[in-house]
Structures are given as structure tokens and as C-alpha cells.
Amino acid sequence: MEREKRNDMSFSRKRSFTFGAYGGVDRFTCGDGTRPESVEDNILEALDSPTTGSKPFLSSTNNQRDAELFEIIVKLQGSRIDEQRCEFPLPLKSQLLHIGADLPLILPSKLGSYWIDPPLEKLRDVSPTSSHHGLDLESYDIMERDGEAKIYHEFFRSRYHHSFIAVDPSLGPLVLSVCLEEEENKLRVILRMKECSLHGTFSSSLFTNMPSAVELAKRLCDKVTVSKFDVVSYLKAPDLITAFDEHRVSSNFKFGVLYQKEGQFTEEDILSNNEESQKFREFLSILGDTIQLQGFTGFRGGLDVCHGQTGNEAVFTSFNGREIMFHVATKLPYTEADPQQLQRKRHIGNDIVALVYQDGQTPFLCDVIKSHFLHCFVVVRRVQREETAGGDAYQVSITAREDVPPFGPVIPDPPLFTDRLQLREFLLTKLINAEISCYKADQFSKLELRTRSSLLESLHNELFTRSRCMMGDTSIAAAPPSESMRGPSEGSGSFIENFKRAIRVRSHSFENLGVPRKNSSQKGKVDKDAESDGSGTAELKDQASPQEET
């Protein structure tokens, strides 16, 4: 009995979670921190040894206990490792290692659910030595995540206008803004609903008299059933409305960068690379500048710029008015005893788009990196050209989940780049457009709808309360100022506080992603970038990811 108690106490369980991938592994260690290899070996030996002809190493009672323990280990580790790991099929792996011809940059998942551009059948006639025809840099257009987000700021803020609020029985909170453009003799209207915002202009000649707010709302959406709107009289309402309209607008982006060497097929191999080849460093210089994180004042993309807990260096660049931080796997902290490299995956696994640089001919498997957030990979391989004058070229391929819509710019045919400036323009534009397009995928669109609904309800309540106070409602004015009524300045108010709280909410997003809800200690803290850096992706990713603040 005493021996069994000592055996139970000799094991302590440590669990580590991969941030962004919601996976983890269970590791068993002895009380003194050493791994009980002899016990595991004895268990395996006892299980594999014949039942007759030799004397068992352990007693029958201990054999049963150890067999049960081994079974528990397999069950606990097996399902979660299967969730997070994607082993390259052994027959295919052995075949690829013996193929002499050039291999494609990307191979499809055996489960499907990803598209590849260019399609693999097109690559059969593409040779790295083919002549390259350049593309016009002006054709590299950056997508807008919300093309109508700045309409209010552009057409309403500088003109005399009115805003109205109501709660529709079927549509929920409504916020209506109306502006009279006398010089053009028309009315400009914006109707904000949970699902979307509708914008329209109407000629004043369509109305005999000045139309009511209800009439204008019904012209934009025939599903509106309210009979009246309340006027917004709060003087700083335009600040709150602008904050809501532009909550998805961002000028900051963060992308992962993975380094894949020859013969590396698994996530563990790719994330465990520490050495950077000269060619890889040259490629990083195309993306941006290598900066020291200590004291860095630009967009940090969740990296620690004070205590060095996320490494000492990173790659950063500014591009067309946008700041981009790259989470380079080889520059993130490396943990010797952790084959999963969770300190690296906690950042790259929380990115939506990652770039893969291949140093060799080994293809990248679409779903080899397990993450609920990574939806797109841009794969680049440096290839040799036969013409000595032409030098090396960079071959590019894209893969994304099947519910991610296609995005530009178009990959050239053949997909080769010899000009580094052109490659930079193409890659940065492609990465930004990839993230914006990924937000239209099913997982993210559901989270985005929930975020918008929460923010709109908060905006409506704030405008209603402030307007009643402005009109002298004694019942509200006499009430003590609650947290929802306080802000950094009187103009910021509760909507900004509710905006931040809505960003921090994660519980509902776990249900949408089909991920078991973690306990409170594993939900994580909001990334300060969501508040200080103004990242438009924060309200989505921080809702759904248990990303810690270092």
C-alpha cells in the first residue's frame, strides 16, 4: 500500500497549451524533475514480453496498474497529439525523397479542404529556367477590409447632420445618420444594423416634405418595423459613431514566417530550426528590416519590447502607409526540452497568414501546421536558373482553406520573380490581401458578426443614456456614475470601455470554433496592441484566442 502511494506521488502532470492552436501535450515527470524512463521501459517490456516461458519483471498487481497507467497515457496524449500533429504519409515521404525532378512547393492535404494557386496541374509545364515576364507594379492593389467604414467620417463629420436611434423587434438596435447636402440637393443616409451598415443617397425631389427618420430607414431596408426613432442629442456622439464605423479599419498587420529546410515534413522539424542560411537572411531583407525589439516604438505585433521574452530581434517594415511585423520562427525563443516549441507557436499559431521559405526541394503540406487561426500560407522557394546572367529566381505558390475567397494580385505565369523589388511589392500586397480575404471565411465571419452585434448594442445604449442626460432626465442624472458612464475623458465615455470589453470576450468564440472552453486561467489577457496599436484584427483574434501578454 505504501509502495503504491509512493508511486502515485512520484508522478506530477504538466500540461502546456499551444496558443493559437488550442492543442497541447501531457508530459509526465518525476517529483525530482527527471523522466522515469526505466519505469516506462519496464512497462513496455512487461507488455511486450510473453506470458509464459519467462518470469515477469513485475508482480501481477503492478503489471495491471502499469498497464492501466500506460493506457491512460496513450488516451490522454493520443487524441490531443492527433489534433495538433499532422504526420507526413510515410509512403509518399519515401517516394518524394527519391524523386529527382523538381517538386511542387505545396502538396494538398489528404483530407482536402484547401485550394492551391497555381494549381498543381499547371506546374507540370513550368520550369525554373523559363523566361520571366514582369508585371506592372501599379496592378498590385491592396484590398479594403471595410470599404464603407469611412463614409461617415468623410461625408457627415464636416457637415450639419442628425443621428437617431431605435430598437427594432426583429432587427435589434438601429443607429441612423442623416445629412442634407444642399449643394447637390440630396439626402445621404447610413443605417447601422447588427449584420451590416447600409448607405444610400436620395434626391430631395423624391419627397414632398422632409422625410422622417422612419421613412428613410425603410427606404434603405424594408425589414424595418419601428414606428419612431429617438433623436441623439449628445454633443460628442460623432466620436462614438466614428469609433464604431471604423472599428475594423487597421493599418497594422502581423504575419508568421516559417523556415523549412530540405527533408523537413513535420511541424516539429520546421518550428525547431535555429540556424538561418545566408539565402534565408537575404530573403528576410527583402521583406523588411531586422530591428532590435528592446525599446522598439513601432507596431510590435504582440512581441515583448521591454523584457526580451520574445527574443531580441524581429523583422519589421512600413508599406503603403501600413506597419507590418513579422513573427520569424527562427528569431522567437527556442526551448530545448520542448519539441513543439510552444513559445514560437503561440505567436505564429495566432497569425491568420504565414509565409513559408523553403531552403530545398521539400514540399510544404497544406495542413502540417495545426492552428485554428492560420488560414493561408504563402510559400516561396529560391530556384537556380540556367542562364548565368539571370541569377536566381523566387518561385511563389499560395494555399488557403477552401472557404477563403480568392484574392489578388494574380500570380504570374510562370510564378517566378527575378526582381527583388517586384517580389517585395507582390508578397506584401498578397499577404495583406490574404488576411483581409480570410476574414470572410466561415469561422471569422461568425466571430466578426458577434463582435459587431455587441459593439452596436453598446453604442445604442450609450447614445440613449447620454442623450437623456443632455435633455435633463433627472432619473438618470441623479444616478451615481457607474463604470459604464466613465471614460478617459468625458467624450470617450462608456462605449469605448464597452468596446474594449467586447474585444476581451472569448467564451462565445470558443463555441463558434468548436473548441472546448478553457478555465479562467487559460483564457489569457488581451493583447495591448488591440488598445494602443489600434489593430483592426484585434477585435476578432483576441476574442477567439487565448493569447497571453508577455
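Scroll up a little and you will see the structure.
First, a word on scope: everything that follows refers to the structure included in this document. Keep in mind that this is a model prediction, so the values were computed, not measured. The residue numbers shown here count from 1 along each chain, following its written sequence. For this predicted model, a pLDDT threshold of at least 70 governs which residues receive local features, and a threshold of 80 or more governs which side-chain atom pairs are given and counted, while totals over whole chains, interfaces and linings are taken from all residues. By convention in this description, side-chain values take in all heavy atoms of the structure and omit both hydrogens and water.

Bringing the overall build of the chain into the picture now. In this description a helix means any DSSP run of H or I spanning at least four residues, a strand means any run of E spanning at least two, and both kinds are numbered starting from the N terminus. Counting its secondary structure elements, the chain contains 16 helices and 18 strands. Residue exposure (1.4 Å probe, protein chains only): buried if accessible area is under 20% of the type maximum, exposed if over 50%, otherwise partly exposed. The buried share among the 550 residues of the chain stands at 49%. Should any heavy atoms of two residues lie within 4.5 Å, those residues are considered in contact. A separation of at least 24 residues holds for 66% of the contacts in the chain among residues at least 6 apart in sequence. Areas reported here follow the Shrake-Rupley algorithm with a probe of radius 1.4 Å; residue values treat only the protein chains shown as occluding. Here the chain displays about 26,500 Å² of accessible surface, and carbon together with sulfur accounts for 51% of that area.

In this model, G408 is joined to P409 through a cis peptide bond whose omega is 0°. With respect to the helices, strands and loops of the structure, P409 is situated in the loop between strand 17 (393-401) and strand 18 (416-417). Looking along the chain, the bond that leaves D413 and enters P414 is cis, with omega of 5°. The residue Q341 is not glycine, and still its phi comes out positive at about 50°. One can find Q341 in the loop between strand 13 (322-328) and helix 10 (342-348).

The biggest cluster of nonpolar side chains holds 44 residues, and the ones touching the most others in it are L287, F326, V353, V396 and L427. Listed by contribution, the elements that provide at least two residues to this core are strand 10 (252-261), helix 9 (278-287), strand 12 (313-319), strand 13, strand 14 (353-359), strand 16 (376-383), strand 17 and helix 11 (420-438). In terms of residues, this core owes the most to one element, helix 11, which gives nine residues. Discounting residues that sit within four places of it in the chain, L287 has contacts with V257, V315, T317, F326, L355, R424, L427 and L428. Within the second largest apolar cluster, 30 residues are counted, among which are I106, L258, A354 and L365. Nonpolar core, defined: a set of buried Ala, Val, Leu, Ile, Met, Phe, Trp, Tyr and Cys residues in which side-chain atoms within 4.5 Å join the residues together.

Here, a salt bridge means any Lys or Arg side-chain nitrogen found within 4 Å of an Asp or Glu carboxyl oxygen. Under the criterion given, the structure shown has 20 salt bridges. For E144, the salt bridge goes to R322, with nearest N and O atoms at 4.0 Å. Taken together, the residues E144 in the loop between strand 4 (114-117) and helix 5 (151-155) and R322 in strand 13 connect sequence positions 178 residues apart. Between E462 and R466 there is a salt bridge, with its nearest N and O atoms 2.8 Å apart. Taken together, the residues span about one helical turn, with E462 and R466 both in helix 12 (residues 442-470) at a distance of four residues. Among the ionic contacts, a cluster of salt bridges with common partners joins R145, D146, R248 and E448.

Another aspect to go through is the pairing of strand 12. Across the seven residues of strand 12, five count as buried, placing the element largely inside the fold. With four bridges connecting them, strand 11 (residues 289-292) and strand 12 associate as antiparallel partners. When the bridges of strand 12 are listed, Q292 appears paired with E313. Here the rule is simple: two strands pair whenever DSSP picks up at least two bridges between them. The pairing of strand 12 with strand 13 spans five bridges and is antiparallel. Residue pairing in the sheet places F319 in a bridge with R322 of strand 13. Where strand 12 folds back onto strand 13 in an antiparallel hairpin, the turn is made up of two residues, including N320, whose phi is positive at roughly 50°.

On to the pairing of strand 10, then. Two faces, one strand: in a regular strand the side chains alternate between the faces of the sheet. The element strand 10 is largely enclosed, with a buried count of nine among its 10 residues. The pairing of strand 10 with strand 13 spans six bridges and is parallel. Each residue of the ladder has a partner; that of K254, found in strand 13, is M325. Taken together, the six bridges between strand 10 and strand 14 define a ladder with parallel strand orientation. Counterpart to G256 in the pairing with strand 14 is A354.

Expected helix span is given by 1.5 Å per residue-to-residue step, counting one fewer step than there are residues. Counted at 1.5 Å a residue, the expected span for helix 12 with its 29 residues is 42 Å, and the 42 Å between its end C-alpha atoms agrees. Count one or two residues on from helix 12 and you reach G472, which has phi positive near 90°.

Taken together, the five strands give an open sheet; going across it, the order is 8-7-6-5-9, and neighbouring strands pair in antiparallel fashion. Since the sheet does not close on itself, it has two edges, and those belong to strand 8 (197-203) and strand 9 (230-231), each with one partner. Sheet analysis places strand 6 (residues 172-181) next to strand 7 (residues 186-192), joined by seven bridges and oriented antiparallel. Bridging across to strand 7, L176 finds its partner in L191. Only C-alpha atoms enter the line fits that serve as axes; for helices the fit covers just the stretch in contact. Angles between N-to-C directions range over 0 to 180 degrees. On top of the sheet, helix 12 reaches strand 5 (161-168), strand 6, strand 7, strand 8 and strand 9; it is set at about 70° to strand 6, its chief contact.

Moving on: the packing of helix 7 (residues 237-245) against helix 12. Contact geometry of helix 7 with helix 12 gives a least axis separation of 10 Å together with a crossing angle of 175°. Judged by the inter-axis angle, helix 7 sits roughly antiparallel to helix 12. On the side of helix 7, the interface is formed by A237, L240, I241 and F244, while helix 12 contributes R452, L455, L456, L459, E462 and L463. In the scheme used here, Gly and all other residues not listed as nonpolar or charged are polar, with Ala, Val, Leu, Ile, Met, Phe, Trp, Tyr, Cys and Pro taken as nonpolar and Asp, Glu, Lys and Arg as charged. Its residues assigned to classes, the contact of helix 7 with helix 12 shows eight nonpolar, no polar and two charged. Here roughly perpendicular refers to angles of 65 to 115 degrees, roughly parallel to angles under 35, roughly antiparallel to angles over 145, and oblique to all remaining angles.

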